[in-house]
Each structure stands twice: as C-alpha cells, then as structure tokens.
Amino acid sequence: MRAMRLATAGGPLEQVELPVPEPGPGQVLVRVGACGVCRTDLHIVDGELAHPRLPLVPGHEVVGTVAHVRDGSRFAVGDRVGVSWLAWTCGSCDYCRSGRENLCDRARFTGYDVDGGYAEYMVADERYCFPLPAGMDDVSFAPLLCAGLIGWRALVAAGDAARLGVYGFGAAAHIVTQVARWQGRRVFAFTRPGDADAQRFAAELGAEWAGGSDAAPPEALDAALIFAPVGALVPAALRVVTKGGTVVCAGIHMSEIPAFPYEILWGERTLRSVANLTRRDGEELLRLAPTIPLRTTTVAYPLARAGDALAALRAGRITGAAVLIP
Ligand SMILES: [Zn+2]
Ligand SMILES: [Zn+2]
C-alpha cells in the first residue's frame, strides 16, 4: 500500500510502499476513504510534540470501510467506520475508571503512538472505532473526527455560555460554530487581524460578529474557545469574557502565554484546557451531526500531496479543513 511517512521529527513526509497491515486481536483493517489533516499533524511533523513514534504514518481523522475482521468482531466487512485520535486506553487507571479516559497516562493516540490514516489502509482497535451514520460522504465526514470532537469537548467545557467567542477560525471553529448556533448561542469570531476571508466565512456560518483577534467585540462574552496555537490569545480572551466567564484552550500545543495582570483573571473567571477526547464525546457529536445537520467545508488533496496540505495549513490558507484522499 501507499503511505505518507515521517522518518524524523521536523519532516518532511515521504511517500513509501508498505505491506498492508495485519489486524491483531481486537483490531479491524480499515481501507481509508478519507483522512482529515489536523493542526496536531502539523505539530507532530514540525517536531513540536515530544514523543511521536518514528517512523510514523500520521493521520487521526479517518473515515473508511472495514476491509477485514477477525472472528467475533462487532463489525462486518464493508461497514463504514471513523477512527479518531484516541487509539487505546488502559481501562484500569483512576482516569479511565472515572469517565476521563482522555487523560489516561497510558493512552495511545492514532497517528502519534500508532500508525494512522495517511495511507491506503490502517489497523485500529475496534473498541475505539465509531460506526458512522449515513448521509455524509467520506471527505465531508473526516474533519468531524478530530476538529469536530475537540470542538465539541471545548464547547461542553464552556458550560451554558450564551455569548461565545471563538479564536482561530479553522477546521474546529467552523464546526463548533454550527453546533453553537443550533444550540441557540451567539457566536463572535476572532481571526488573524485583517483576514477578511476568514471573517466572511465565519459570518456565513452564523457568527454575528467577526473581527481580528486584536479587536474588541461589541459586548462582553460569557466564554471563549481558543483553537489557534497562540499563547498571546489567552490574556486577549480573558479581557473580553465577563465575570464568571470561562476561557478554554483547545489545542494540544501553544506558544508561551505572556504574563498578564491578575485582575483579568479575577472575578471568578476560569482558564482551562481540554485534552484529547473520550469515546462518549464521539458518540454525542456523531449522533448530533445528521440532526443539526453539520456541513463541513473541505479542501481535498490526493494522499501524495500531504506535504502541500500541511504547508497550506501552516500558512493559514485552508478555508475549513484539508482532507487527504488515498
Ligand atoms: Zn487508563
Ligand atoms: Zn486532531
């Protein structure tokens, strides 16, 4: 099979021929139909995350069909499944036993600890594969599997905030805005200063105000979600949320947060992060997706051009989400 593989931190990705992997006990073989390109992939390829397995096939927003199962599987050949970032958890630690498998110390992650979906085939632990509803094609569905799920987890962490700020209007924000609007919240979008295209895109998706991250929104906000990996946005967001409000950092990596005066945190504001996802997050969002219904905006690339997709994401040139098609 063809795969795009990272040999050394810092890149680049190389196209290689690998044997089709054999599913082990409890695993299924998935023929990849589409794999989203997540900002986390960029952090991995750029060497910004500490311990990727190398060599590594990245990719953790995988939509595919089951191509081979072992006896006793809950899936059949031909079933459509989604594979996300959460590849395996121990099931026995305090985190796992308290509904927080996203924090498991021994968790393994797709396209980081185990090979992912930048390939024609991959294997996955079937307990962590999501059965997918019909009604959305593979490419449209792929961004829901990380951008959508992390966005969802961040939105839940924001509580019942009615006025929601969203910093960084990329793949996650364009999905979470639709969910938030469907829930009846008001959305205020912050983009790179001067990025008129992203501001127009946010408005099309239902943001009632869109401006640069250095601009003041027309009124105070109840919560803000930060999807851009820019530490300076943390004090910026704290300054625009009202007393009792929450700022959620949703990325896996962020540049250093500059010092800020205590008074912008005081007033019972909460600053927190969200990390990874639980299977329950996935079930909740995937159940809602056809009801809302969620629509993704995607830019498709052939698998061999994964490096170009990452470069476009790095440069902020992707409207919505980039998706690879093997
Ligand atoms: Zn655990
Ligand atoms: Zn991701």
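Bear in mind that the values here come from a model prediction, so they are computed numbers and not experimental data.

**Student:** What's the story with the environment of Ala-311 in this structure? I'm lost.
**Tutor:** The topology assignment puts Ala-311 in helix 9 (residues 306-314). The spatial distance from the C-alpha of Ala-311 to the C-alpha of Leu-42 is 8.5 Å, given a sequence separation of 269 residues.

**Student:** Looking at this structure, how should I read the layout of surface pockets?
**Tutor:** The method is simple in principle: a probe with the dimensions of a water molecule rolls over the atoms, and the space it marks as empty is what remains. Its volume calculated, the largest pocket comes out at about 960 Å³. Taken together, 43 residues make up the lining of the largest pocket; nearest its centre are Arg-39, Gly-170, Ala-171, Phe-227 and Ala-228. Taken together, the elements giving at least two residues each to the lining of the largest pocket come down to helix 1 (39-45), helix 4 (147-157), helix 5 (171-182), strand 11 (186-191), helix 6 (196-204) and strand 17 (321-325). Looking at the lining of the largest pocket, its residues break down into 26 nonpolar, 12 polar and five charged. One number sums up the size of the second largest pocket: a volume of about 390 Å³. If you tally residues by element for the lining of the second largest pocket, the top one is strand 8 (residues 121-125), at five residues. Taken together, the residues of the lining of the second largest pocket sort by class into 17 nonpolar, three polar and five charged.

**Student:** How should I be thinking about the coordination of the zinc ion (ligand 1) in this particular structure?
**Tutor:** Bound to the zinc ion (ligand 1) on the protein side are Cys-90 (SG), Cys-93 (SG), Cys-96 (SG) and Cys-104 (SG), at distances that span 2.3 to 2.4 Å. Around the zinc ion (ligand 1) sit four donor atoms, and with donor-metal-donor angles ranging over 105 to 118 degrees the site reads as tetrahedral. We note that the donor set of the zinc ion (ligand 1) lies within a single chain, spaced as C-x2-C-x2-C-x7-C. With Cys-90 in the loop between strand 6 (86-88) and helix 2 (94-97) and Cys-104 in the loop between helix 2 and strand 7 (108-109), the pair connects residues that are 14 residues apart, well separated along the chain. Of the two residues, Cys-90 and Cys-104, both sit in the buried class.

Criteria and cut-off values
- Residues numbered from 1 in each chain as written.
- Chains lettered and ligands numbered in written order.
- Predicted model: local features only at pLDDT ≥ 70, side-chain atom pairs only at ≥ 80, totals over all residues.
- Heavy atoms only, no water.
- Helix = DSSP H or I, 4+ residues; strand = E, 2+ residues; numbered from the N terminus.
- 1 Å grid on protein atoms, 1.4 Å probe; cavity = no way out; pocket = protein on both sides within 12 Å on 5 of 7 lines; lining within 4 Å.
- Points joined across faces, edges and corners; volume = space filled by probe spheres on them.
- Nonpolar A, V, L, I, M, F, W, Y, C, P; charged D, E, K, R; others polar.
- Donors = N, O, S within 2.8 Å, 3.2 Å for Na, K, Ca; no water.
- Tetrahedral: all angles 85-135°; square planar, octahedral: opposite > 155°, others 65-115°.
- Buried < 20%, exposed > 50% of the residue type's maximum accessible area, 1.4 Å probe, protein only.

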